[in-house]
Amino acid sequence: MLGRLSQYWWVLILRGIVGVLFGILTFAYPHDTVAAVVMLFGAYMLVDGVAALVMAFRVDRGSGWLALAGMAGIAAGLLAFMYPGVTAYTLLYVVAAWAIISGIFELVAAIEFRREFSGMWLLGLAGALSVILGFLLAAAPDTGQINLVWLLGSYALLFGVLYIIAGFRLKGAQPAQRPSRS
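Residues numbered from 1 in each chain as written. Predicted model: local features only at pLDDT ≥ 70, side-chain atom pairs only at ≥ 80, totals over all residues. Heavy atoms only, no water.

S.K.: Break down the pattern of salt bridges for me, citing the residues and quoting the values.
M.R.: Pairing of side chains with opposite charge becomes possible as their charged atoms draw close. Evaluated as defined, the whole model comprises 2 salt bridges. Between R15 and D48 there is a salt bridge whose closest N-O contact spans 2.7 Å. A residue pair is termed long-range when its members are at least 10 positions apart, and R15 in helix α2 (residues 9-28) and D48 in helix α3 (residues 34-58) qualify at 33 residues. Accessibility assignment for this pair places R15 and D48 in one class, buried. Measuring nitrogen to oxygen at the nearest pair gives 3.1 Å for the salt bridge that ties E106 to R15. Linking E106 in helix α5 (residues 88-113) with R15 in helix α2, this pair joins segments that are 91 residues apart in sequence. We classify R15 as buried; its relative accessible area is 4%. Residues joined by salt bridges that share partners form a network here, namely R15, D48 and E106. (Salt bridge = Lys/Arg side-chain N within 4 Å of Asp/Glu carboxyl O. Helix = DSSP H or I, 4+ residues; strand = E, 2+ residues; numbered from the N terminus. Buried < 20%, exposed > 50% of the residue type's maximum accessible area, 1.4 Å probe, protein only.)

Okay, structure coming up:
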């Protein structure tokens, strides 16, 4: 199982890089319009969702949970692109719902994979971070648009760093190849 999972270490790193880039862009342009944040969020969710689906279809155990997390990300991304004029208030609840749902699925997947790879605590931590983000957003919907951008940017940076670290740890966990006998 670890051998099969470790073949796709790069998917975790890709998700991490996209998260870090999204975080950097949100900090670099905090005063841009909400539509720009919606488009960035939509692109981030689509890439993250597709990457989660790739991972889900490449592993056996826990893949259903990863697929659900991927579908939640794709759905959130598509909603952002289909309705770019939504207010920050509505986007806040879309992001909160996505964060809670995908975070729970990521936590379950991390628990499923924990026996295969000791670095799964990083993915579990990223899932917990997602759930916390979701509850923070839902609990304070009247925060300003800048606060939403800062919160999303901070989350994306932390999530991205955790996934990059987990990806490199998974790459290092690849089982040794047995020499073939001729």
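Having seen the model, we can carry on.
S.K.: Summarise the side chain of T26; cite the residues concerned and give the values.
M.R.: Mapped onto the fold, T26 is located in helix α2. On the basis of relative accessibility, which here comes to 2%, the residue T26 falls in the buried class. The residues contacting T26, other than those within four sequence positions of it, are V149 and G153. (Contact = heavy atoms within 4.5 Å.)

S.K.: Could you give me a rundown of helix α6 (residues 120-139), with the residues and numbers involved?
M.R.: When the terminal C-alpha atoms of α6 are compared, their 29 Å separation across 20 residues agrees well with the 28 Å that a helix rising 1.5 Å per residue should span. Turning to α6, its buried residues are M120, L122, L123, G124, A126, G127, S130, V131, L133, G134 and L137. (Expected span 1.5 Å × (residues − 1).)

S.K.: Describe the side chain of D48, naming the residues involved and giving the relevant values.
M.R.: We classify D48 as buried; its relative accessible area is 4%. The residues touching D48, leaving out its near neighbours within four places in the chain, are R15, W98 and F159.

S.K.: Describe a nonpolar patch on the surface, with residues and values.
M.R.: A contiguous nonpolar patch, built from L78, L79, M82 and Y83 and spanning about 400 Å² of accessible area, is present on the exposed surface. Note on placement: L78 falls in helix α4 (residues 63-82). (Patch = residues over 30% accessible without salt bridge, like charges linked within 9 Å, V, L, I, M, F, W, Y side chains within 5 Å. Areas by Shrake-Rupley, 256 points an atom, 1.4 Å probe, with all protein chains shown as cover.)

S.K.: Requested: an account of the packing of aromatic side chains, with residues and values cited.
M.R.: On inspection of all chains with the given rule, the structure shows 8 aromatic pairs. Put simply, the rings of F41, W98, Y155, F159 and Y163 touch in pairs and so form one group of aromatic residues. Across the ring face of W9, the terminal group of K171 is positioned such that the distance to the ring centre comes to 4.7 Å. (Phe/Tyr/Trp six-rings, centres within 6.5 Å; stacked < 30°, edge-to-face > 60°. Lys NZ or Arg CZ within 6 Å of the ring centre and 35° of its normal.)

S.K.: Explain the nonpolar core to me, and be specific about the residues and the numbers.
M.R.: Among soluble globular proteins, nonpolar side chains are generally buried collectively. Counting 46 residues, the largest nonpolar core has F41, Y44, M55 and W98 as its most contacted members. Among the secondary structure elements, those contributing two or more residues to this core are α2, α3, α4, α5, α6 and α7 (145-172). When neighbours within four sequence positions are excluded, M55 is seen to be in contact with L5, Y8, V11, L12, L66 and L170. (Core = buried A, V, L, I, M, F, W, Y, C linked by side-chain atoms within 4.5 Å.)

Geometric values such as these leave the question of function open.
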